[in-house]
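Each chain is listed here by its residues.
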Amino acid sequence: MEYKKLNNGVKMPIVGLGVYDVPEWDTQRVVEDAISVGFRSIDTAAMYYNERGVGDGVRACGVAREELFVTTKICEPCYTREQTLRTVEHSMRELRLDYVDLMLLHWPVGNPKVMWQTLEELYLEGLFRAIGVSNFYPNTFPKIVNGAKVMPVVNQCEAHVLYQQRKMLEYLKPYAVELEAWSPLAEGKHGIFQNLTLAAVGEKYGKTAAQIALKFLIQNGIIIIPKTTHKERMKENIDLFDFTLSDDDLQAIHRLDTGHNVTGWPSDALTYKV
């Protein structure tokens, strides 16, 4: 595993497992399988309704808690400190963990400034090792960082070879905030697994199109959290560290960028009013 050193000094695995849409009844098994093949980072959220399964898997996996990196997110629109505290408390009760490695604001909804100030408070108390945001774009990101006591460590956004987020990468650099990709395989849409460019590059290294797509992101410094419930696919998704894409490979894959999101989830159109 390779790690990213975040702007607060915490090390985060550059590859993690996303558990979006994994049913609660299967989440513990999925988490234990992922950890058994080498994953050390698990990404969940309150709106996934499987935080309890993640916590159960982390406790049952046999790997020391300090070796694992657990991310969750609060998505409920909160307008006061008290509402935010209740939302956080619900996630902590579900996870049943003493601390969370990374707590994110899932969307710019409610009053993100108040929500962020509450996360800062809990971070400084030690409940979280790091805090960050998700789906914040230039129309909303400044309202978090301007006047912040604690800078976000990541901004988690849709990013993959079809939507490479080059502008976002440049935008985040002055803040020393890392880009983390959700849906790094574009939810399997638009023929990404059969893409001729990715397949041709993969042939050179004995890798699949999916592995090339993931390697492209991490080689560009982007943290990834591919989701799968299948153990063999987990092994494939983490087998990314024994080769390096050439400059020619990178250029060929750069040309796949459509410049816009393809999953159907909203992105920079999101805004909020206080």
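Residues numbered from 1 in each chain as written. Predicted model: local features only at pLDDT ≥ 70, side-chain atom pairs only at ≥ 80, totals over all residues. Heavy atoms only, no water.

A. Focus on the pattern of salt bridges. The final tally for this structure, using the stated rule, is 19 salt bridges. A salt bridge links Arg233 to Glu236; the nearest nitrogen and oxygen atoms lie 3.8 Å apart. One end of the pair is Arg233 and the other is Glu236, both in helix H9 (residues 231-238) and three residues apart, which spans about a single turn. Residues joined in a network through salt bridges with shared partners are Asp26, Arg29 and Asp33. (Salt bridge = Lys/Arg side-chain N within 4 Å of Asp/Glu carboxyl O. Helix = DSSP H or I, 4+ residues; strand = E, 2+ residues; numbered from the N terminus.)

B. Fine view of the side chain of Asn237. Inspection of the secondary structure puts Asn237 in helix H9. The class of Asn237 is buried, set by a relative accessible area of 2%. Apart from residues no more than four positions distant in its own chain, Asn237 is found in contact with Val15, Phe39, Leu214, Pro226 and Thr228. (Buried < 20%, exposed > 50% of the residue type's maximum accessible area, 1.4 Å probe, protein only. Contact = heavy atoms within 4.5 Å.)

C. Geometry of the sheet that holds strand S9 (residues 178-182). Taken in spatial order, the eight strands line up as S3-S4-S5-S6-S7-S8-S9-S10 in an open sheet, and their pairing is parallel. Two strands in the sheet have a free side with no partner beyond their single neighbour: strand S3 (17-18) and strand S10 (223-224). Bridge analysis of S3 against strand S4 (residues 41-43) gives two bridges, and the strand direction is parallel. The residue of S4 that forms the bridge with Leu17 is Ile42. Across the face of the sheet, helix H3 (residues 81-95) comes into contact with strand S5 (69-74) and strand S6 (102-105) while running at roughly 140° to S5. (Pairing = 2+ DSSP bridges. Axes fitted to C-alpha atoms, helices over the stretch in contact; angles between N-to-C directions.)

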